[in-house]
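What follows is each chain in one-letter form.
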Amino acid sequence: TPRVSERPRVLVREPIAGAGLELLRSRFEVVEDANSDLGEIIGEYDAIVVRSATRLDAALIERARRLRVIGRAGVGVDNVDVDAATRRGIVVANAAESTVDSAAEHAIALLLALARNIPQAHAAVSAGTWDRARFTGIELAGKTLGVIGLGRIGREVARRGLGLGMHVVAYDPYVAADRLRELGVDSAGTLDELYGQADVITLHLPLSDATRRLVGPGAFAAMKDGVRLVNASRGGLVDEAALLDALRSGKVAGAALDVFEVEPYSGPLLGLPQVVVTPHLAGSTTEAQDRAGVVIAEQVVAALAGETVRTAVNIPVLDAGDL
């Protein structure tokens, strides 16, 4: 494709908020293209903006001859090979703060829906069945909520759990026990210790080689009988075959899942009445998407202008002069 402008070219691969698009268009040549073969076109762009559906692996990044910045409009960058980008001198930035409240609220919504069988009861009433006994739930007040990962979202989920009258225990080897106590949260020294205490477990971890299928057969064996699991973080954290077995055996009383190893998901978990599912909605609020679009547009502008990229995940955040 011939260049129609000497301005830097930005590929917007997935939709972002209008305000973010306008900011990019005011400075650059912007192309919105979700359908072309990315490997064929990525070499034409100075920047690319993605959300969670686009995977930028090392092979794609090697073809990005001109790329200077990858903007991920959301939390986390596990769909980007950050090491490959760093080797090529490409800045990787995200919008880490933009979806925190939305994601925390969705985890709590899943927790409540799971405890009170809300989706199942809604479907039954909508179908003309009025069966109160069938959908008897559990109270969350007084139960123990196990939070695995106490980053930005995990902290907000813990606070909301406390607000529901739950006892909260957390496992995060990167957060000091003193910090947990300040939040009113007990610290579990090991995952097995958390598994042994929690009535409900919620996951808030990045996906990496160390965390992939972290919750598998051994984890389920260490959990209390009748535990409930919430995952509004990353699908690959849970071994779905092991979860299916644990649900069928009754070891796990129910699961609420917003994310899956492969999306869209159409597997056997959908056939179980004790499973609540949503289609990766944790960050999908109007407010969060507006914030993410604007924040990532600002970071792309900064990167292409040689200024400080404050949400960069692979370069030190220094003032512009030092950088």
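Refer to the structure presented above.
K.L.:
What should I look at first to understand unusual backbone geometry in this one?
P.N.:
For the bond running from Glu263 to Pro264, omega is 0°, close enough to zero to count as cis. Of note, Pro264 is situated in the loop between strand 11 (252–257) and strand 12 (275–277). Positive phi outside glycine occurs at Asn117, with the angle close to 55°. Assignment of secondary structure puts Asn117 in the loop between helix 5 (100–116) and helix 6 (118–126). Judged by relative accessible area, which is 17%, Asn117 ranks as buried. Its identity is not glycine, yet His280 carries a phi of approximately 55°, on the positive side. Mapped onto the elements, His280 comes out in the loop between strand 12 and helix 12 (286–304).

K.L.:
Honestly, helix 7 (residues 152–163) in this entry has me stumped. Any pointers?
P.N.:
One turn of an α-helix holds 3.6 residues; hence residues three or four places apart share an orientation. Between its first and last C-alpha atoms helix 7 spans 17 Å; for 12 residues at 1.5 Å apiece the expected length is 16 Å, and the two agree. Among all positions of helix 7, only Ile153, Gly154, Glu156, Val157, Ala158 and Gly161 are buried. As for helix 7, its buried residues are in contact with helix 5, strand 6 (144–148), strand 7 (167–171) and strand 9 (200–203). One or two steps after helix 7, the chain reaches Gly165, where phi turns positive at roughly 85°.

K.L.:
Would you take a moment to explain the sheet that holds strand 8 (residues 186–187) for this structure?
P.N.:
Paired through backbone hydrogen bonds, the strands of a sheet run either parallel or antiparallel to each other. Overall, parallel pairing links the 7 strands, which are arranged 8-7-6-9-10-11-12 in an open sheet. Two strands close off the open sheet at either side, each with one partner strand: strand 8 and strand 12. Most of the contacts of helix 5 go to strand 10 (residues 227–231), to which it runs at about 150°, and overall it touches strand 6, strand 9, strand 10, strand 11 and strand 12. Where helix 11 (residues 240–249) meets the sheet, its contacts fall on strand 10, strand 11 and strand 12, and the angle it forms with strand 11 comes to roughly 135°.

K.L.:
Would you mind showing me how to read the layout of surface pockets here?
P.N.:
Any empty space left between atoms is shown by rolling a water-sized probe over those atoms. Looking at the second largest pocket, its volume works out to about 670 Å³. As for the second largest pocket, its lining consists of 25 residues, of which Phe260, Glu261, Val262, Glu263 and His280 are closest to the centre. Split into classes, the residues belonging to the lining of the second largest pocket amount to 10 nonpolar, 7 polar and 8 charged.

K.L.:
Is there a simple way to explain the nonpolar core in this structure?
P.N.:
One broad trend across soluble globular proteins is that nonpolar side chains are buried collectively. In terms of nonpolar packing, the biggest core is built from 32 residues, with Tyr195, Ile201, Phe220 and Leu243 touching the most fellow members. Put simply, the parts of the chain that give this core at least two residues each are helix 9 (191–197), strand 9, helix 10 (217–222), strand 10, helix 11 and strand 11. By residue number, the principal contributor to this core is helix 11, which donates 5 residues. Ignoring sequence-local partners within four residues, the contact set of Tyr195 consists of Ile148, Ile201, Leu214, Val215, Ala219, Ala222, Met223 and Lys224.

K.L.:
Can you help me understand the packing of aromatic side chains in this one?
P.N.:
By convention here, two paired aromatic rings are described through the distance between centres and the angle between planes. For the structure on display, the rule yields 1 aromatic pair. Relative to Tyr265, the ring of Phe260 lies with its centre 4.3 Å away and its plane at 10°, an arrangement referred to as stacked. Side by side, Phe260 and Tyr265 carry an identical accessibility label, which is buried.

K.L.:
Is there a simple way to think about the sheet that holds strand 4 (residues 69–72) in this case?
P.N.:
The strand order across the open sheet formed by 5 strands is 2-1-3-4-5, and the pairing between neighbours is parallel. The open sheet is flanked by strand 2 (29–32) and strand 5 (91–94), the only strands paired with a single partner. Mean inter-strand twist for the sheet, computed between neighbouring axes without regard to direction, equals 15°. Both strand 1 (residues 9–12) and strand 3 (residues 47–50) contribute to a ladder of 3 bridges, which runs parallel. The residue of strand 3 that forms the bridge with Leu11 is Ile48. On the sheet, helix 1 (residues 18–27) packs against strand 1, strand 2 and strand 3 and is oriented at approximately 140° with respect to strand 2. Against the sheet, helix 12 makes contact with strand 1, strand 3, strand 4 and strand 5, and its axis sits at roughly 170° relative to strand 4, the strand it touches most.

Conventions used here
Per chain, the residues get numbers from 1 upward, laid out in the order the sequence is written. For this predicted model, a pLDDT threshold of at least 70 governs which residues receive local features, and a threshold of 80 or more governs which side-chain atom pairs are given and counted, while totals over whole chains, interfaces and linings are taken from all residues. Working from all heavy atoms in the structure, the side-chain values ignore hydrogens and water. Only DSSP runs of H or I with at least four residues qualify as helices, and only runs of E with at least two residues qualify as strands; both kinds are numbered from the N terminus onward. Exposed residues in this analysis have more than 50% of their type's maximum accessible area, buried residues have under 20%, and partly exposed residues fall in between, with area computed by a 1.4 Å probe over protein chains only. Working rule for helices: expected span equals 1.5 Å times residues minus one. Between two residues, a contact is recorded if the distance between any of their heavy atoms is within 4.5 Å. Only strands that DSSP links by at least two bridges are regarded as paired with each other. Angular values range over 0 to 180 degrees, each being the angle between N-to-C directions of two axes fitted as lines to C-alpha atoms, with helices fitted over their stretch in contact. Put simply, the grid is 1 Å and covers the protein atoms alone, a cavity is a trapped set of points that fit a 1.4 Å probe, a pocket is an open set with protein on both sides within 12 Å along at least five of seven lines, and lining residues have an atom within 4 Å of a point. Grid points are joined across faces, edges and corners, and a volume is the space filled by probe spheres set on the points. Each residue receives one of three labels: charged for Asp, Glu, Lys and Arg, nonpolar for Ala, Val, Leu, Ile, Met, Phe, Trp, Tyr, Cys and Pro, and polar for the others, Gly being one of them. Definition used in this section: a nonpolar core is a set of buried Ala, Val, Leu, Ile, Met, Phe, Trp, Tyr and Cys residues joined via side-chain atoms within 4.5 Å. In summary, the pairing rule links any two rings of Phe, Tyr or Trp, Trp by its six-membered ring, whose centres are within 6.5 Å, and it sorts them by plane angle into stacked for under 30 degrees, edge-to-face for over 60 and tilted for everything else.

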